[in-house]
Amino acid sequence: MLVAASPIAIAAVSLIGDTWHPVGDWASMLYRTSRVGTTETPLVGAYTVKGWAHPGPFLYWAAAPLYRLTGGDARSLEWTAAILNVATVAAIGAVAWRRGRFPLLAAMMLLVAVLVRGIEPGRLVDLWNPYVGLLPFLLVVLLAWDAALGRPRSLLWAAIPASIAIQSHVAFAALVALVALWLAAWTRWWPRLVERPVDRVGPLDVRPASWSWPAWRPAALGGLAIAAVLWLPALVDLVADTHNLASVVGHLVVGSGTQIGITHGGSLVSRYVRPDGPWIGGGEPSVFFSTQGSGPVPVFLMLAALVGCVVVARRRRLVDAAALSTLAVALVAGSVFAAANLVAPAFDYLTQWLKVIGGLAWFTLAWTAWRVAEPYVRSVAARRVAAGAAASGLVLAAAAWSWADATQTEPPVSFEGEVVQALRLQLRESLPLDQTYRVEQEGDVVSHNGPGVLFYMVGDGYDVLTRDGAKGLKWGHEHRYDRGDHYDVRLTVAVQYGGSWRDAYASCLEDPDVALVASYDQLDPAERDELGRLKDESFFSPDTYSADDEARTEELVGASFRAGVFAGEHGCGEEDDDEEEEMSRAG
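Calculation notes
- Residues numbered from 1 in each chain as written.
- Predicted model: local features only at pLDDT ≥ 70, side-chain atom pairs only at ≥ 80, totals over all residues.
- Heavy atoms only, no water.
- Helix = DSSP H or I, 4+ residues; strand = E, 2+ residues; numbered from the N terminus.
- Rg over C-alpha atoms; globule rule 2.2 N^0.38 Å.
- Buried < 20%, exposed > 50% of the residue type's maximum accessible area, 1.4 Å probe, protein only.
- Contact = heavy atoms within 4.5 Å.
- pLDDT = per-residue confidence, 0-100.
- Pairing = 2+ DSSP bridges.
- Axes fitted to C-alpha atoms, helices over the stretch in contact; angles between N-to-C directions.
- Phe/Tyr/Trp six-rings, centres within 6.5 Å; stacked < 30°, edge-to-face > 60°.
- Lys NZ or Arg CZ within 6 Å of the ring centre and 35° of its normal.

1. With respect to the overall build of the protein chain
Then comes step 1: Tallying secondary structure elements over the protein chain gives 24 helices and 7 strands in all.
Then comes step 2: For a compact globule of 587 residues, the expected C-alpha radius of gyration is about 25 Å, and the protein chain comes in at 27 Å, within 12% of that figure.
Then comes step 3: When the backbone C-alpha atoms are referred to their principal axes, the protein chain occupies close to 85 × 60 × 45 Å.
Then comes step 4: Looking at the protein chain as a whole, 54% of its 587 residues qualify as buried.
Then comes step 5: Counting contacts in the protein chain only where the partners sit at least 6 residues apart, residues at least 24 apart contribute 78% of the total.

2. Comments concerning the confidence of the model for the protein chain
Then comes step 1: With 96% of its residues at a pLDDT of 70 or more, the protein chain shows a mean pLDDT of 91.
Then comes step 2: Scored below 50 in pLDDT, residues 579-587 makes 11 contacts in the model with residues more than four places away or belonging to other chains.

3. Examining the environment of Lys355
Then comes step 1: Among the secondary structure elements, Lys355 is positioned in helix α16 (residues 353-378).
Then comes step 2: Taking C-alpha positions, Lys355 is 44 Å from Gly532, a pair spaced 177 residues apart along the chain.

4. Observations concerning the sheet that holds strand β3 (residues 436-442)
Then comes step 1: Pairing within the open sheet is mixed, and its 5 strands lie in the order β4-β3-β5-β7-β6. Looking at the sheet topology across the chains shown, the edges are occupied by β4 (463-465) and β6 (514-521). Between one strand and the next, the sheet's axes are offset by a mean angle of 25°, whatever the strand orientation.
Then comes step 2: For β6 and strand β7 (residues 562-568), the ladder comprises 7 bridges, and the chain directions are antiparallel. Of the residues in β7, the one forming a bridge with Leu516 is Phe566.
Then comes step 3: Across the face of the sheet, helix α19 (residues 414-430) comes into contact with β6 and β7 while running at roughly 140° to β6.

5. Notes on the packing of aromatic side chains
In this description, a pair of aromatic rings is defined by centroid distance and the angle of the planes.
Then comes step 1: Considering all chains together, one arrives at 21 aromatic pairs under this definition.
Then comes step 2: For the pair Trp145 and Trp367, a centre-to-centre distance of 6.4 Å together with 85° between the ring planes defines the contact as edge-to-face. You can see Trp145 sitting in helix α7 (residues 134-148) and its partner Trp367 sitting in helix α16, a full 222 residues away along the chain. One exposure class covers both Trp145 and Trp367, and it is buried.
Then comes step 3: Where Trp279 meets Trp362, the ring centres are 6.3 Å apart and the plane angle is 15°; that geometry is what we call stacked. With a gap of 83 residues between them, Trp279 in the loop between α13 (261-273) and β1 (286-287) and Trp362 in helix α16 connect regions that are remote in the sequence.
Then comes step 4: On the basis of relative accessible area, Trp362 is assigned to the partly exposed category, the value being 28%.
Then comes step 5: Among the aromatic residues, those joined into a cluster by ring pairs are Trp26, Trp128, Tyr131, Phe289, Phe347 and Tyr349.
Then comes step 6: Here the basic side chain of Arg383 rests over the ring of Tyr376, its NZ or CZ set 3.8 Å away from the ring centre.
Then comes step 7: The lysine or arginine in question, Arg438, covers the ring of Tyr481, its NZ or CZ lying 4.3 Å from the ring centre.

6. Here's the deal with helix α20 (residues 449-459)
Then comes step 1: Summarising burial for α20: 10 of the 11 residues are buried, a large majority.
Then comes step 2: The complete set of buried residues in α20 reads Asn449, Gly450, Pro451, Gly452, Val453, Leu454, Phe455, Tyr456, Met457 and Val458.
Then comes step 3: Contacts from the buried residues of α20 go to α2 (24-34), α19, β3, β4 and β5 (489-496).
Then comes step 4: Phi turns positive one or two residues past the end of α20, at Gly461, with a value near 95°.

The following block contains the structure:
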């Protein structure tokens, strides 16, 4: 277990000595964590751009103790994620050992080590909500499998990682529901699949109890009790505050935005179940920010292989392999529909859960093969020793595969953190503390700089309001701007990324009603003028625009990021200006 989790620990340790100024979602996470234990204690999860928040505040509450112990160190978020994931790996190991002793423990730790490589150690020390639920979901699958093999109590404990995953990101709700449906179906119909389980005395040679309420009642009621405690904050919000869970259910039933569809969804699953797929470190190509699939063939081949495992398990009367294979079929097939419901574009951070699905599919094939070969291996002591040594060596090699990358782990979005600090110092000099500021952002396609400026203004004692993530309480009730709320100055954080077609910064400079109060530019004035001249020449005088000019233009564009904070009575650089609201405010 320690070996499989070692890349996560190395990544966490590598953050010691780093200075991190979080921006974007991480700034919001740090702010919301800081409010735990106050009258503004979060009751809902991370905001979404769809107008609601993810179901529960687990990640904020979990991060609060270490945040307090470290004196508010931003890296406490990363260390909390590391602790959570290492604890999850330990739980996976404990369940595997109890169910299948060394063979299953070694197999699960190999799967974990490979997934750590595929997901990347840096993501597993990142408390960002799309990543928090990945390993807990793997634990849910293992506990469901364990319950299916005759240990109903595992259902009780599955309520914990299931709640963590779902509260962190709503996408896990459908996956957990799929596992639950499979478990219900298995307990009712497994005797039809494996009529006479093999009669041996190993820990995996079991005869699961068929469905009966008395057998499952203690675990079911205990799981509900645990879930009720973990979901209490979200239930309080449902009754007395933003009613967020109702919005989440509406999203799950009706959907939000334009989904990528069944063709793209199936193609995505194909990419993630390939033998060289992202689950083992393969590429995740994207076009216009949308992760690309690889056609329908791999997913059909994988489903055929998994059905083959079901057939083999049935013929050899291997209940554990039959349960695992049917579960894997359900997860791979169900993932096609789950992926089809992703809102376009399918950013890679939204598809990381497919790495767990891909890893589980290949684990199922390998485990079924092992169960077939196991009697032959166990029949001779030398073979048992060789197999154990090989398994241990594979786990060590898979973990060591990630060590180098783990040592290079850095806090997320460090560049924009430095930009925001430069803006922050200027704002301290130019903005008085006795006014109320409304802060919005323009041109920031990744939404890093505006939230960063807002977060540090709050920390510096400014009275700040914003519409950023307002419906999802990204900044709590304290800083949520509602139409008609009073403010003295409107601040616009305008950004231009190199190569972006939209230049909110330039648009704001051209607005005579706003003033630039803080700025950052990667280019000096002479380089900025040179870039403008080269762009004009490429458009108006292409005959004199040389290859050297093109190379220089590309060089300057790549380093042409700039950001500014503009102050006035209204916003600037907007595609849609709030003219009606500003007129109402003026009146």
